[in-house]
Amino acid sequence: ERNADFWLKDLPRLDGIEFRVIPDEATILGGLRAKTLDWAFLNDPRVGARAKAEAGLTTWKSTSLSYHVLQLNAARDAFKDLKVRQAISCAIDRQEVLNTAALGDGVVTSPATPPFYAAPQADLFCYKKDEAKAMDLMKAAGNPAVKFKVIAATGEPPTAVNEAQSIQAQLKKINIEMEIESLETSVYVARWLAGDFDAAIALNGGNPDPDAMFYRYWHSTGNLNKVAGYKDPEIDKLLDQGRAVSDPNARKAIYNDIQKKLAEAAPWVWLYTGNDYRAGQAFVKDFTQL
C-alpha cells in the first residue's frame, strides 16, 4: 500500500501493488490478455514469443545471466570415474539441447556467464559434440553399464523436461541409459538442496561477478558444495586467489583457469543461457530492462 508519509513529494505514484506468483506461464499470458495483470516476468521463450505477437502488449527481452546445466553428482557411483563424466560431456550437443528445449532462444554458455569472464569455449574440454571421443572414453573406462536417474522440475524452468529428453536421446547413442524423474518444483528444490540425486537438470542463478557464481558451489567450504558434489584443492586455491585480486584482467585469467578445470573434470555439463522476457500493458511506461 502507498505510504502517504513517504519523504519524496508525490511519490510513490501508485496506491498499491499486488504481486502474484503464478507457476503456469500460459496462465500469466492469459491474465495479460484479460487485463487482470498489468506486468509480468516470463521465463519460457515460447510464451515470450507469443506475448511479443500479442496486440496491445509491450514486451522487453534481455540476455539472462542464469544458466541451464546438467549437474552430475560426482559423489555417486555412476559418476566417480572421470572418464564416464567426460564421455557424457563429449556426447552432448549443447546447441541441440538449446534448439530442442528453448527454440534456439539463447546461446551456449561457458561456466561463467558474464561476457567479460566467460572463458573461450574453444579452450574448454569437449565443448563441441564428439561422439567418437565419448565412445573412446567409455572404452577406456572399461565400458561400464551406466544407468542413472536425472531429476527435472515440471514448473521451473519450464524447459527442464525438454532439456532432459534431448540429453536422454543423445546419451543413448553411447549406450548410457538416463531415466527422467519429473518432480513438482517444491519437491525438486528440496531434493536439489539436499544433494539427493544422481543428476539434475537445473537453472542456476548467474551473477556479474564470477566469485558469486563459483565459490558457493566449487569451493570445498561453499554453502552449496553439497549440491555440486565435487571438490578439488586446486580449484579451492584459485577461488581464494580470485577473491584476493582486484585487477579485472588478473581475475579473468584466474577464472579462465577455473573454467578449464571444471570443464575437464566435468562434474557438470554447462548448456546454455536463455533470455528473460517481461510483458506489460501498453500503459506501462519507462520500464528499463537490465
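Note that the coordinates shown come from a computational prediction; the quantities given were computed from them, not determined experimentally.

K.L.:
Please clarify how the side chain of histidine 219 should be interpreted in this entry.
P.N.:
Among the structural elements, histidine 219 can be located in the loop between α8 (210-218) and α9 (225-228). Reaching out from histidine 219, the side chain makes a polar contact with the side chain of threonine 221 at a distance of 2.8 Å. Leave out the neighbours within four places in its chain, and histidine 219 touches Phe214, Asn225, Asp236, Leu239 and Asp240.

K.L.:
In this structure, what is going on with the state of the cysteines? I would like to understand it.
P.N.:
Two cysteines, two sulfur atoms, one covalent bond between them: this is a disulfide. This structure, assessed with the given rule, holds 1 disulfide. Between the sulfur atoms of cysteine 90 and its disulfide partner cysteine 126 the distance amounts to 2.0 Å. Handedness here is read from the sign of the S-S torsion; for cysteine 90 and cysteine 126, about 110°, the answer is right-handed. Residue cysteine 90 is located in helix α3 (residues 82-91), and its partner cysteine 126 is located in the loop between β4 (107-108) and α5 (131-140); the two are separated by 36 residues in the primary sequence. The burial state of cysteine 90 is the same as that of cysteine 126; both residues are buried.

K.L.:
Would you mind going over the packing of aromatic side chains with me for this structure?
P.N.:
In this description, a pair of aromatic rings is defined by centroid distance and the angle of the planes. Tallying each qualifying case throughout the model produces 13 aromatic pairs. Ring geometry for tyrosine 217 versus tryptophan 268: centroids 5.0 Å apart, planes at 70°, classification edge-to-face. With tyrosine 217 in helix α8 and tryptophan 268 in strand β8 (residues 268-273), this pair connects stretches of sequence that are 51 residues apart. For the pair tyrosine 217 and tryptophan 268, a shared accessibility class is recorded, and that class is buried. Ring plane angle 70° and centroid distance 6.4 Å describe the contact between tryptophan 218 and tyrosine 230, whose orientation is recorded as edge-to-face. Residue tryptophan 218 is located in helix α8, and its partner tyrosine 230 is located in the loop between α9 and α10 (233-244); the two are separated by 12 residues in the primary sequence.

K.L.:
Sorry, what's going on with the sheet that holds strand β6 (residues 177-183) here?
P.N.:
Note: strands within a sheet are paired through backbone hydrogen bonds, in either parallel or antiparallel orientation. Taken together, 6 strands build an open sheet; the order of strands is β4-β8-β3-β7-β5-β6 and the sheet is mixed. Both edges of this open sheet fall to β4 and β6, since each of them pairs with a single strand only. Relative to β8, β4 runs antiparallel, the two being bridged by 2 bridges. Its bridge partner being in β8, valine 108 is matched across the sheet by tyrosine 272. Across the sheet, α8 is in contact with β3 (67-72), β7 (199-204) and β8; its angle to β8 comes to roughly 155°.

K.L.:
Just checking my understanding: could you explain unusual backbone geometry for this structure?
P.N.:
As a rule of thumb, non-glycine residues mostly have phi less than zero, and peptide bonds are mostly trans rather than cis. A cis geometry characterises the amide bond from leucine 11 onward to proline 12, with omega recorded as -10°. By the secondary structure assignment, proline 12 is in the segment before α1 (25-33). Even without glycine at this site, alanine 266 takes up a positive phi of about 50°. Along the polypeptide, alanine 266 turns up in the loop between α11 (248-265) and β8. We classify alanine 266 as buried; its relative accessible area is 0%. The backbone phi angle of aspartate 286 is positive, close to 60°, even though this residue is not glycine. Looking at aspartate 286, the relative accessible area reads 78%, which means it is exposed.

The rules behind each value
Residues numbered from 1 in each chain as written. Predicted model: local features only at pLDDT ≥ 70, side-chain atom pairs only at ≥ 80, totals over all residues. Heavy atoms only, no water. Helix = DSSP H or I, 4+ residues; strand = E, 2+ residues; numbered from the N terminus. Polar contact = N/O pair within 3.5 Å; in protein donor to acceptor, adjacent residues only side chain to side chain. Contact = heavy atoms within 4.5 Å. Disulfide = S-S within 2.5 Å. Buried < 20%, exposed > 50% of the residue type's maximum accessible area, 1.4 Å probe, protein only. Phe/Tyr/Trp six-rings, centres within 6.5 Å; stacked < 30°, edge-to-face > 60°. Pairing = 2+ DSSP bridges. Axes fitted to C-alpha atoms, helices over the stretch in contact; angles between N-to-C directions.

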